[in-house]
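Now for the letters of each chain:
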Amino acid sequence: MTLKWNDRHERRITWALLSSLVLMLSVVMVPVLTEETNNNDLKCDLLGDEEVESNRERELLQKLTPLTSLSFSTDVQEDHKKYTYKFKVCGAAGNDTNGGLVQTEVNKETVIGRFNETHIYNGTDWIMLVYKQGDKYNNHCSKEERTAMVMISCLTGTLGKNFHFIGEERGKEKNCFYLFEMDSSIACPKVDSHLSLGSILLIVFFSLVAVYIIVGFLYQRLVVGAKGMEQYPNYSFWKDLGNLTADGCDFVCRSKPRNEPAAYRGIGDDQLGEETEERDDHLLPM
């Protein structure tokens, strides 16, 4: 029974260490896989050919990736008519395949902007997302295509909310637009958190210790064939570490010579006085 329990215990330890090693590798690989997935999720097409697209705009679009799973809408009462504006980041907000921002009135849907013609720029604490190639005006703005502009303002602690309609600029001959605003922590400036030298050294130290224990245990277990506590690397050294430490402290910290004779000395026979002879004959009964 003891042998079976020991084998079961050793197998559990082996699997625990293997799981720890897999977890460490997954921590390194997950950010890479997540970044590749996020790149595939973006459907926005920047203005111009792909060869001449701005790297800065690509980085800003990548920053908006967490918002792609959300949908936003707002209701507006204007001229006794009720309009509903629906918005989605790099996704279809209505029936149109490329309609990133649409306006609905009863059963009528008008595309304000399409994400296959996207322009994006930013400031310190805001990002402006522009969808072009919307449906054409009937009478205003020289019947040009509509444009939707969404200003994303910084608000910490929220992914995305407070989407609302600001107004429509259609009193010009050209370059008319619909302006919207919303709040998101994504637009907030990035706070750099620099690790101190001590923190980096501690991280490196504990990482090396973890690798030393895991790899050494697997080597002792699988290559050397060690059993029980001997599976731990350099087991005899760590077992005697306490004694070695005590010996080192004893050697360094003691102020007196190690071979100094003891302060206590026994009393010799020559130091003893002569015993007075006491007679106790008077104590004997007569």
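The model shown is predicted, which means the values in this text are computed figures rather than measured ones.

Reading guide: rules and limits
- Residues numbered from 1 in each chain as written.
- Predicted model: local features only at pLDDT ≥ 70, side-chain atom pairs only at ≥ 80, totals over all residues.
- Heavy atoms only, no water.
- Helix = DSSP H or I, 4+ residues; strand = E, 2+ residues; numbered from the N terminus.
- Buried < 20%, exposed > 50% of the residue type's maximum accessible area, 1.4 Å probe, protein only.
- Polar contact = N/O pair within 3.5 Å; in protein donor to acceptor, adjacent residues only side chain to side chain.
- Phe/Tyr/Trp six-rings, centres within 6.5 Å; stacked < 30°, edge-to-face > 60°.
- Lys NZ or Arg CZ within 6 Å of the ring centre and 35° of its normal.
- Pairing = 2+ DSSP bridges.
- Salt bridge = Lys/Arg side-chain N within 4 Å of Asp/Glu carboxyl O.

1. What about the environment of Gln-103?
So, step 1. On the secondary structure map, Gln-103 appears in strand 3 (residues 99–105).
So, step 2. On the accessibility criterion, Gln-103 (11% relative accessible area) is buried.
So, step 3. For the pair Gln-103 and Thr-84, spaced 19 residues apart in sequence, the C-alpha to C-alpha distance is 5.7 Å.
So, step 4. In terms of polar contacts, Gln-103 uses its side chain to reach the side chain of Tyr-85, at 2.7 Å.

2. Notes on the packing of aromatic side chains
So, step 1. Under the defined criterion, the tally for this structure stands at 13 aromatic pairs.
So, step 2. Relative to Phe-163, the ring of Phe-72 lies with its centre 6.3 Å away and its plane at 45°, an arrangement referred to as tilted. Highlighted residues: Phe-72 in strand 1 (residues 71–78) and Phe-163 in strand 7 (residues 161–169), separated in sequence by 91 residues.
So, step 3. Overall, Phe-72 belongs to the buried group, its relative accessible area being 9%.
So, step 4. Judged by its relative accessible area of 7%, Phe-163 is buried.
So, step 5. When the ring centre of Tyr-137 is taken as origin, the NZ or CZ atom of Arg-146, which lies over that ring, is 4.6 Å away.

3. A few points about the pairing of strand 6 (residues 148–154)
So, step 1. Where burial is concerned, most of strand 6 is hidden: five out of the seven residues are buried.
So, step 2. Across six bridges, the pairing between strand 5 (residues 126–132) and strand 6 is antiparallel. For Trp-126, the partnering residue across the bridge sits in strand 6 and is Ser-153.
So, step 3. Judged from the seven bridges that link them, strand 6 and strand 8 (residues 177–184) form a sheet pairing that is parallel. Looking at the pairing, Ser-153 lines up with Asp-183 of strand 8.

4. Comments concerning the pattern of salt bridges
So, step 1. The full count for this structure, using the stated rule, is two salt bridges.
So, step 2. In this structure, Arg-114 engages Asp-96 in a salt bridge whose closest nitrogen and oxygen atoms are separated by 3.2 Å. Highlighted residues: Arg-114 in strand 4 (residues 108–122) and Asp-96 in the loop between strand 2 (81–88) and strand 3, separated in sequence by 18 residues.
So, step 3. Residue Asp-135 is joined to Arg-114 by a salt bridge in which the shortest nitrogen-to-oxygen separation is 3.1 Å.

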